[in-house]
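Descriptive structure summary
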Amino acid sequence: MLLKVYVALLCIGAVTAFDLRIGNLLAKRKANYVCYQHPLDIAFVLDASSSIWAQNFTKAVAFVNSFISPYEIGPHKVRVAIETYADIVYTQDVIRFNDFLTSDSLQERISALKWHHGSRTETGLGIAYMREHIMPEARSNLPKICIVITDGKSQDSAKTALEAKKARQDGIEMFAIGVSRAVNESELQSIAGDPDRVIIVETYSELEAIKDKLSGKTCKEIPTTTTTTPAPTPAAEECGTDNPTDIYYVFDPAYLGMERVNWVTQFITHTLSANEFAHMRVGVISGSCPLDAGFNLNKYSTFADVRKRLESYDSPRLTKLIGSLTSAYSSQQGGRGDARKVAVIFIGGKIDQMAVIKNAQAAKEAGVDVYFADAGNADPGFLDALNEIGFSLARAGAGSRRQALAFVEELCREY
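The notes below deal with the structure included here. Computed from a predicted model, the values in this text were never measured in an experiment.

Some points on the packing of aromatic side chains
One pass over the full model with this rule turns up 13 aromatic pairs. By the ring-pair criterion, three or more aromatic residues cluster together here, those being Tyr-249, Phe-251, Trp-263, Phe-267, Phe-346, Tyr-371, Phe-391 and Phe-407.

Concerning helix α4 (residues 123-134)
A rise of 1.5 Å per residue sets the reference length of α4, with its twelve residues, at 16 Å; its end C-alpha atoms lie 15 Å apart and thus fit the reference within 8%. By the criterion of burial, α4 is predominantly enclosed, with nine of the twelve residues buried. Every buried residue of α4 is listed here: Thr-123, Gly-124, Gly-126, Ile-127, Ala-128, Tyr-129, Met-130, Arg-131 and Ile-134. Buried residues along α4 sit against β3 (40-47), β4 (78-85), β5 (144-150), α5 (157-169), β6 (173-179) and α6 (185-192).

Description of the packing of α5 against α6
Contact pair α5 / α6: the axes reach a minimum separation of 7 Å and the direction vectors enclose 25 degrees. It follows that α5 is roughly parallel to α6 by the angle criterion. Within the contact between the two elements, α5 uses Ser-157, Thr-160, Ala-161, Ala-164 and Arg-168 and α6 uses Glu-187, Ser-190, Ile-191 and Ala-192. Counted by class, the contact of α5 with α6 contains four nonpolar, three polar and two charged residues.

A word on the sheet that holds β6
Ordered by their spatial adjacency, five strands build an open sheet running β4-β3-β5-β6-β7, and the pairing between neighbours is parallel. Of all strands in the sheet, those with a lone pairing partner are β4 and β7 (198-201), marking the two edges. With direction set aside, neighbouring strand axes in the sheet form an average angle of 15 degrees. Two elements, β5 and β6, share six bridges in a ladder whose sense is parallel. Opposite Ile-145, over in β6, you have Glu-173 as the bridge partner. Across the sheet, α4 lies against β3, β4, β5 and β6, angled at about 145 degrees from β4, the strand it touches most.

Quick word on unusual backbone geometry
In this model, Asn-141 sits at a positive phi of 65 degrees, which is unusual for a non-glycine residue. With respect to the helices, strands and loops of the structure, Asn-141 is situated in the loop between α4 and β5. Backbone geometry places Asn-377, a non-glycine residue, at a positive phi of 70 degrees. The topology assignment puts Asn-377 in the loop between β11 (368-374) and α14 (380-386). Take Asn-377: its relative accessible area is 61%, and that puts it in the exposed class.

So, helix α13 (residues 353-365)
Each full turn of the α-helix corresponds to 3.6 residues, which orients residues three or four apart in the same direction. Under the 1.5 Å per step criterion, the end-to-end length of α13 is 18 Å for 13 residues, consistent within 8% with the ideal 18 Å. Along its buried surface, α13 packs onto α12 (318-323), β10 (340-347), β11 and α14.

A word on the pairing of β5
Counting buried residues in β5 gives six out of seven residues, a clear majority hidden from the surface. Where β3 and β5 come together, six bridges link them in parallel fashion. If you follow Val-45 over to β5, its bridge partner there is Val-148.

Observations concerning the nonpolar core
Residues Phe-267 and Phe-277 are the most contacted members of the largest nonpolar core, which totals 53 residues. Judged by nonpolar contacts, the second largest core, of 35 residues, contains Leu-40, Ala-48, Leu-113 and Ile-149.

Observations concerning the environment of Thr-123
Structurally, Thr-123 can be placed in helix α4. When the C-alpha atoms of Thr-123 and Lys-153 are compared, they prove to be 8.5 Å apart, with 30 residues separating the residues in sequence. In this structure Thr-123 touches Tyr-85, Val-148, Thr-150, Ser-154, Thr-160 and Ile-191, once residues within four positions along its chain are discounted. In this structure the side chain of Thr-123 is engaged in a polar contact, spanning 2.8 Å, whose partner is the side chain of Tyr-85.

Considerations on the environment of Leu-383
With respect to the helices and strands, the residue Leu-383 is situated in helix α14. Residues Leu-383 and Ile-347, spaced 36 residues apart in sequence, show a C-alpha to C-alpha distance of 8.6 Å.

Some thoughts on the packing of helix α10 (residues 258-272) against helix α15 (residues 400-411)
Between α10 and α15, the least distance of the axes is 8 Å, while the angle of their chain directions is 40 degrees. The angle between the axes of α10 and α15 places the two elements in the oblique class. Note on packing geometry: the crossing formed by α10 with α15 is right-handed. Between α10 and α15, the contacting residues are Trp-263, Gln-266, Phe-267, His-270 and Thr-271 on the first element and Ser-400, Arg-401, Gln-403, Ala-404, Phe-407 and Val-408 on the second. Its residues assigned to classes, the contact of α10 with α15 shows five nonpolar, five polar and one charged.

Things to note about the pattern of salt bridges
As enumerated under the stated definition, the model contains 13 salt bridges in all. With its nearest N and O atoms 3.6 Å apart, the salt bridge here joins Arg-96 to Glu-137. With a gap of 41 residues between them, Arg-96 in the loop between β4 and α3 (103-111) and Glu-137 in the loop between α4 and β5 connect regions that are remote in the sequence. In this structure Arg-96 comes out as partly exposed when scored by relative accessible area, which is 23%. The structure contains a network of salt bridges with shared partners spanning Arg-131, Glu-132, Glu-163, Lys-166 and Asp-170.

About the cut-offs
Residues numbered from 1 in each chain as written. Predicted model: local features only at pLDDT ≥ 70, side-chain atom pairs only at ≥ 80, totals over all residues. Heavy atoms only, no water. Phe/Tyr/Trp six-rings, centres within 6.5 Å; stacked < 30°, edge-to-face > 60°. Helix = DSSP H or I, 4+ residues; strand = E, 2+ residues; numbered from the N terminus. Expected span 1.5 Å × (residues − 1). Buried < 20%, exposed > 50% of the residue type's maximum accessible area, 1.4 Å probe, protein only. Contact = heavy atoms within 4.5 Å. Axes fitted to C-alpha atoms, helices over the stretch in contact; angles between N-to-C directions. Parallel < 35°, antiparallel > 145°, perpendicular 65-115°, else oblique. Nonpolar A, V, L, I, M, F, W, Y, C, P; charged D, E, K, R; others polar. Pairing = 2+ DSSP bridges. Core = buried A, V, L, I, M, F, W, Y, C linked by side-chain atoms within 4.5 Å. Polar contact = N/O pair within 3.5 Å; in protein donor to acceptor, adjacent residues only side chain to side chain. Left-handed = near helix turned anticlockwise from the far one by under 90°. Salt bridge = Lys/Arg side-chain N within 4 Å of Asp/Glu carboxyl O.

So, to be careful, I would describe these as geometric facts and stop short of saying anything about function.
Take a look at the structure:
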């Protein structure tokens, strides 16, 4: 498949024809997408001892759900198993590889895992159970990965190291996540067998921030040389070949926050991986530019000027970014005169709704077909109002993949 991607970074008046950083980001996301779809068996071993506390165990469970969310869950795709342990392995809660083979059913079951506040941290016992009772059900000739999440030192470090070594000798790639200021790093390394497979954070609240780092590390273990990409069907190629389209993804990182920005990049990756995008040209309009930066010591002469500048940080820039769409498709910025103009605007949280509607309407009147994605916590009534201007993708569901597929389907519906 010939993938033609033109990436532009537009910062409310300042345009870079091709920004290598964005190109690298999308290339990396493209690679991760391949990883997400590659057949793979992943087992999680979660510490459920009393030192965790209920709220932190809930955060660990939420992290697992967030981590597996981009993966294509299925009997011939990615399968997930989970066990919890403390002084014993809680066999009544074990999730095996074949128990849940859809993303929704799997995540619902994971969310229901219980914290048993066990009295000891028998990590070696947990790893042994994974190796002896869970991994034997893994598929042969496919990558087998185990991720251990714990907050402290196990009761028997020697046993933990021995059981982890046995697991690695069985061909299981071991990863260790330590969550504590007092975590035993040497023990984590004995679990993983390689410092590069160890990640340490101080609190459970920080787990979400390491999700991409962990997925990148696990992707390294997946062979890509045997992966074959089916040739795109003529119908799929017609969407981009016969009707060239220039697409801008519009989002404000400061407004969305890190977690939702990750959702946005997943959405973009899913669309780029579609056969229908083989001949599309895409760009990014983002608030990450000098206007969002700070200022030097000699920039302002009065505190009044400083306060005025600070006021600019208080409100989201999304409305201004949407307003820039009316002039974003010029030939100087990579636009093609014969191409359809399309924009995907990412909504999440509180925003000046009237300003968004006004600027989106102006973009529509300028010939831009506007789509709206819900990156999380968007007002449903507001999305309904935006649907009168363009097309709301939120009706497809909350997941980035679902909304991305809905976008591709709707985009090509007319072709």
